[in-house]
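Secondary and tertiary structure notes
Here is how the chains run, residue by residue.
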Amino acid sequence: MGSRLSGPRAAAEGMGAEFGYRGERLGLPEEGPGSIAPLGRRVAAILIDWLLCVLIARALLSDGTMQSAGNWALLVFGVMVFLTVGTLGFTPGKRLMRLRVVSAAGGRLTVPRVLVRTVLLTLALPALIWDRDTRGLHDRLSGAVQIRTS
């Protein structure tokens, strides 16, 4: 019963399976700069980015209603993520949370990979499907990883 409540990873570890730390398979450090970004920071970053996009959409593009602002906010979000991750490696929210998006192989993402990542991220569902390194499907399919900068 304890294994059912603890989850499949705990049950597998109880049977002797070794998973290592998050990011070990990618050659990333366990802690500190360059390690896999914690889930809490990533959620905070996307909430900051979304709030920023809603404010921009409401102020510049909508007719003043929240429904119209919500429709435009997704477009603003997609454009912002594509441009900022493609050029700087981070969005405003990620910058505030001290995170960066890089290629899992090291270095910057190419423009096609940023485009794939952005499209999948705007669909939302791929971002909710994780692997054992807590990389979303949008990051896996684009060959990206979110890391800590400090």
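Conventions used here
- Residues numbered from 1 in each chain as written.
- Predicted model: local features only at pLDDT ≥ 70, side-chain atom pairs only at ≥ 80, totals over all residues.
- Heavy atoms only, no water.
- 1 Å grid on protein atoms, 1.4 Å probe; cavity = no way out; pocket = protein on both sides within 12 Å on 5 of 7 lines; lining within 4 Å.
- Points joined across faces, edges and corners; volume = space filled by probe spheres on them.
- Helix = DSSP H or I, 4+ residues; strand = E, 2+ residues; numbered from the N terminus.
- Nonpolar A, V, L, I, M, F, W, Y, C, P; charged D, E, K, R; others polar.
- Patch = residues over 30% accessible without salt bridge, like charges linked within 9 Å, V, L, I, M, F, W, Y side chains within 5 Å.
- Areas by Shrake-Rupley, 256 points an atom, 1.4 Å probe, with all protein chains shown as cover.
- Salt bridge = Lys/Arg side-chain N within 4 Å of Asp/Glu carboxyl O.
- Buried < 20%, exposed > 50% of the residue type's maximum accessible area, 1.4 Å probe, protein only.
- Expected span 1.5 Å × (residues − 1).
- Polar contact = N/O pair within 3.5 Å; in protein donor to acceptor, adjacent residues only side chain to side chain.
- Contact = heavy atoms within 4.5 Å.

Considered as a void within the structure, the largest pocket measures approximately 400 Å³ in volume. Around the largest pocket, the lining comprises 19 residues; the ones closest to its centre are Arg42, Ile46, Leu121, Ala127 and Leu128. Every element with two or more residues in the lining of the largest pocket is listed here: helix 3 (39–61), helix 4 (66–87) and helix 6 (111–123). In terms of residues, the lining of the largest pocket owes the most to one element, helix 3, which gives six residues. For the lining of the largest pocket, the class distribution of residues is 12 nonpolar, four polar and three charged.

Let's shift gears to a nonpolar patch on the surface. Taken together, the side chains of Leu52, Ile56, Leu60, Leu61, Trp72, Leu75, Val79 and Leu83 present a nonpolar region at the surface, about 710 Å² in accessible area. Where the nonpolar patch is concerned, the elements lending two or more residues are helix 3 and helix 4. As for its placement among the helices and strands, Trp72 is situated in helix 4. A residue is classified by how much of its surface remains accessible, and Trp72, at 36% relative accessible area, is partly exposed.

This paragraph deals with helix 6. For helix 6, spanning 13 residues, the distance from its first C-alpha to its last is 19 Å, which sits close to the expected 18 Å at 1.5 Å a residue. Taken as a whole, helix 6 has its buried residues at Val114, Arg117, Thr118, Leu120 and Leu121. Where helix 6 terminates, the next one or two residues include Ala124, which has phi positive at roughly 70 degrees.

By secondary structure assignment, the location of Asp133 is in the loop between helix 6 and helix 7 (137–142). A residue is classified by how much of its surface remains accessible, and Asp133, at 2% relative accessible area, is buried. Among the polar contacts made by the side chain of Asp133, one reaches the side chain of Arg25 at a distance of 2.8 Å. Once you skip the residues sitting within four places of it in the chain, Asp133 turns out to touch Tyr21, Arg22, Gly23, Glu24, Arg25, Leu26 and Ile36.

Coordinates in, geometry out; function isn't part of it.
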